[in-house]
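Here is what each chain is made of, one letter per residue.
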Amino acid sequence: MQINKIRSEQTDKLFKAILELKDLEECYMFFDDLSTMSELQSMAQRLEVAHALKQKKTYDRIQNETGASTATISRVRRCVDYGSGGYNTVLNRLYPELIENSDKK
């Protein structure tokens, strides 16, 4: 989608820094310094929306469970379905049962 627009030396350095984090506590410390609480909550919410979409939950249920707007859910849906594959890569690693369940259909 927009992957070529975000590529830069600065972004490479940011991603390399994230890859250097060793555990959840280091992630909390780094992201506490790096981003606002609102930015971090928005990213966490979008990941949760993507997970719910992969579980085939309805927009209403996702909205009730995550507090995300329908606009956010729609945007995440586009990324899950037609994006660069980032959500799917992460979700398949975090929730391998999603792959198994989709194979059964």
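In this text the structure is predicted, and so the values were computed from the model without any measurement. (Residues numbered from 1 in each chain as written. Predicted model: local features only at pLDDT ≥ 70, side-chain atom pairs only at ≥ 80, totals over all residues. Heavy atoms only, no water.)

Let's shift gears to the environment of Tyr87. Considering the arrangement of structural elements, one finds Tyr87 in helix α7 (residues 86-94). As a C-alpha pair, Tyr87 and Leu47 span 40 residues in sequence and 7.3 Å in three-dimensional space. Those residues in contact with Tyr87 that sit more than four places away from it in its chain are Arg46, Leu47, Ala50, Val76, Cys79 and Val80. (Helix = DSSP H or I, 4+ residues; strand = E, 2+ residues; numbered from the N terminus. Contact = heavy atoms within 4.5 Å.)

Before going further, it helps to spend a moment on the environment of Asp81. With respect to the secondary-structure elements, Asp81 resides in helix α6 (residues 70-82). For Asp81, a relative accessible area of 39% puts it in the partly exposed group. Between the alpha carbons of Asp81 and Leu94 there is a distance of 18 Å; along the sequence they are 13 residues apart. (Buried < 20%, exposed > 50% of the residue type's maximum accessible area, 1.4 Å probe, protein only.)

Proteins that are soluble and globular tend to have nonpolar side chains buried together. Among the nonpolar cores identified, the biggest contains 13 residues, and Val49, Ala50, Leu53, Ile62, Ile73, Val76 and Tyr87 are the most heavily contacted of them. Breaking this core down by element, the ones donating at least two residues are α4 (37-54), α6 and α7. In this structure Ala50 touches Val76, Val80, Tyr87 and Leu91, once residues within four positions along its chain are discounted. (Core = buried A, V, L, I, M, F, W, Y, C linked by side-chain atoms within 4.5 Å.)

Should their charged atoms come close, side chains of opposite charge can pair. Here the structure, examined in full by the defined rule, presents four salt bridges. In this structure, the salt-bridge partner of Lys57 is Glu65, at a minimum N-O distance of 2.9 Å. Look at Glu65 and you get partly exposed, because its relative accessible area is 44%. One salt bridge in this structure joins Asp81 and Arg77, with 3.6 Å as the shortest N-O distance. You can see Asp81 and its partner Arg77 sitting in helix α6, four residues apart, about one turn around the helix. Connected through salt bridges with shared partners, the residues Lys57, Arg61 and Glu65 form a single ionic network. (Salt bridge = Lys/Arg side-chain N within 4 Å of Asp/Glu carboxyl O.)

Okay, the packing of helix α5 (residues 59-66) against α6 next. Contact geometry for α5 and α6: axes closest at 10 Å, N-to-C directions at 115°. Classed by the angle they form, the pair α5 and α6 counts as roughly perpendicular. Handedness of the crossing formed by α5 with α6: right-handed. Only Thr70, Ile73, Ser74 and Arg77 of α6 make contact with α5, whose side of the interface consists of Tyr59, Ile62 and Gln63. A class-by-class count of the residues in the contact of α5 with α6 yields three nonpolar, three polar and one charged. (Axes fitted to C-alpha atoms, helices over the stretch in contact; angles between N-to-C directions. Parallel < 35°, antiparallel > 145°, perpendicular 65-115°, else oblique. Left-handed = near helix turned anticlockwise from the far one by under 90°. Nonpolar A, V, L, I, M, F, W, Y, C, P; charged D, E, K, R; others polar.)

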